Amino acid sequence: MDIFSKRDGPRREDVQAKRLISENSHVIKKLADQISGGGYTAMQQTMAKAKETPKPDGLLIHDLGRSRGAEAPRPYVKVSMNNRVVLADLNSGRQIQLLGEIRGNFSGRRFVLATAENGFYSPVEGEMLDALRPLDGTEIHRGFDDKALAEAIGTELGLQ
């Protein structure tokens, strides 16, 4: 009966082969270049360049977004096409705060304030919440449309 057991560490043949390759690496690289017509060295250089991190020296970085001037924001209330009611900046057009949305269907629509109780992830808080709470649940109809709601919110927030 023969018992084969695995030996700890690398085999003696493997150690000799690695040593032979490392001692003769310059000859192996020279032969690889000669056979490939210089392709081996070119490939090694390309791989080395790919591993380098880019250097920002001398690069020009252009921000193609809208310029952000030093102007103070000019807030106004906007009711969007998808019935979101937001506080937006008149200078940049960016949304400052979600105030709520208009929910309902053809039989009746109402303004729902952005609060945690109404299921909003970024609720209105603080003084703004206190000022807008009376408008929560306001019915939207022909006499009091989206524009009238925006004006009422603007008045409550002191924007007009």
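Note that this is a predicted model, so its numbers are computed, not measured.

Draft legend 1. Molecular detail of the overall build of the protein. Across its full length, the protein carries 5 helices and 5 strands. Secondary structure of the protein in N-to-C order comes out as α-α-α-β-β-β-β-α-β-α. By the compact-globule yardstick of 15 Å for 160 residues, the protein is too spread out, its C-alpha radius of gyration being 35 Å. For the protein, buried positions account for 17% of its 160 residues. Nonlocal contacts in the protein, meaning residues at least 24 apart in sequence, comprise 33% of its contacts between residues at least 6 apart.

Draft legend 2. Structural detail: the packing of helix 2 (residues 25-36) against helix 3 (residues 39-51). For the pair helix 2 and helix 3, the least separation of the axes is 6 Å and the interaxial angle reads 110°. Taken together, helix 2 and helix 3 sit at an angle that is classed as roughly perpendicular. Across the interface between the two elements, Lys29, Ala32, Asp33 and Ser36 of helix 2 pack against Gly39, Tyr40 and Thr41 of helix 3.

Draft legend 3. Expanded view of unusual backbone geometry. With phi around 65°, asparagine 83 is a residue other than glycine that occupies positive phi space. A relative accessible area of 24% places asparagine 83 in the partly exposed class.

Draft legend 4. Quick peek at the pairing of strand 3 (residues 95-105). Summarising the sheet, strand 2 (residues 84-89) and strand 3 pair through 5 bridges and their orientation is antiparallel. Pairing of alanine 88 across the sheet is with glutamine 95, part of strand 3. Counting the residues between successive antiparallel strands, the hairpin from strand 2 to strand 3 contains 5 residues, one of them, glycine 93, with a positive phi of roughly 80°. The pairing of strand 3 with strand 4 (residues 108-113) spans 6 bridges and is antiparallel. Considered in strand 4, the bridge of isoleucine 102 is made with phenylalanine 111. Between strand 3 and strand 4, which pair antiparallel one after the other, the connecting turn spans 2 residues.

Draft legend 5. Summary view of the sheet that holds strand 5 (residues 139-140). The 5 strands are arranged 1-2-3-4-5 in an open sheet whose pairing can be described as antiparallel. Among the strands making up the open sheet, the edge pair consists of strand 1 (75-79) and strand 5. Here strand 4 runs beside strand 5; their pairing, made up of 2 bridges, is antiparallel. Each residue of the ladder has a partner; that of arginine 109, found in strand 5, is isoleucine 140. On the sheet, helix 5 (residues 146-157) packs against strand 1, strand 2, strand 3, strand 4 and strand 5 and is oriented at approximately 150° with respect to strand 1.

Draft legend 6. Main features of the pattern of salt bridges. If you walk through the whole model with that rule in mind, you get 5 salt bridges. In this structure, the salt-bridge partner of arginine 11 is aspartate 14, at a minimum N-O distance of 3.2 Å. Looking at aspartate 14, the relative accessible area reads 32%, which means it is partly exposed. A cluster of three or more residues bridged by salt bridges with shared partners is formed by Arg11, Glu13 and Asp14.

Draft legend 7. Structural view of the nonpolar core. Of all hydrophobic cores here, the largest spans 20 residues; its most connected members are Val77, Val85, Leu99, Phe111, Leu132, Leu149 and Ile153. At the level of elements, strand 2, strand 3, strand 4, helix 4 (126-132) and helix 5 are the ones that each hand at least two residues to this core.

Draft legend 8. Local environment of the side chain of aspartate 89. One can find aspartate 89 in strand 2. One buried charged residue, aspartate 89, remains without a salt bridge, the closest side chain of opposite sign being arginine 74 at 6.4 Å. At 3.1 Å, the side chain of aspartate 89 forms a polar contact with the side chain of serine 92. The residues touching aspartate 89, leaving out its near neighbours within four places in the chain, are Pro73, Arg74, Tyr76, Arg94 and Ile96.

Parameters at a glance
- Residues numbered from 1 in each chain as written.
- Predicted model: local features only at pLDDT ≥ 70, side-chain atom pairs only at ≥ 80, totals over all residues.
- Heavy atoms only, no water.
- Helix = DSSP H or I, 4+ residues; strand = E, 2+ residues; numbered from the N terminus.
- Rg over C-alpha atoms; globule rule 2.2 N^0.38 Å.
- Buried < 20%, exposed > 50% of the residue type's maximum accessible area, 1.4 Å probe, protein only.
- Contact = heavy atoms within 4.5 Å.
- Axes fitted to C-alpha atoms, helices over the stretch in contact; angles between N-to-C directions.
- Parallel < 35°, antiparallel > 145°, perpendicular 65-115°, else oblique.
- Pairing = 2+ DSSP bridges.
- Salt bridge = Lys/Arg side-chain N within 4 Å of Asp/Glu carboxyl O.
- Core = buried A, V, L, I, M, F, W, Y, C linked by side-chain atoms within 4.5 Å.
- Lys, Arg positive; Asp, Glu negative; His and termini not counted.
- Polar contact = N/O pair within 3.5 Å; in protein donor to acceptor, adjacent residues only side chain to side chain.

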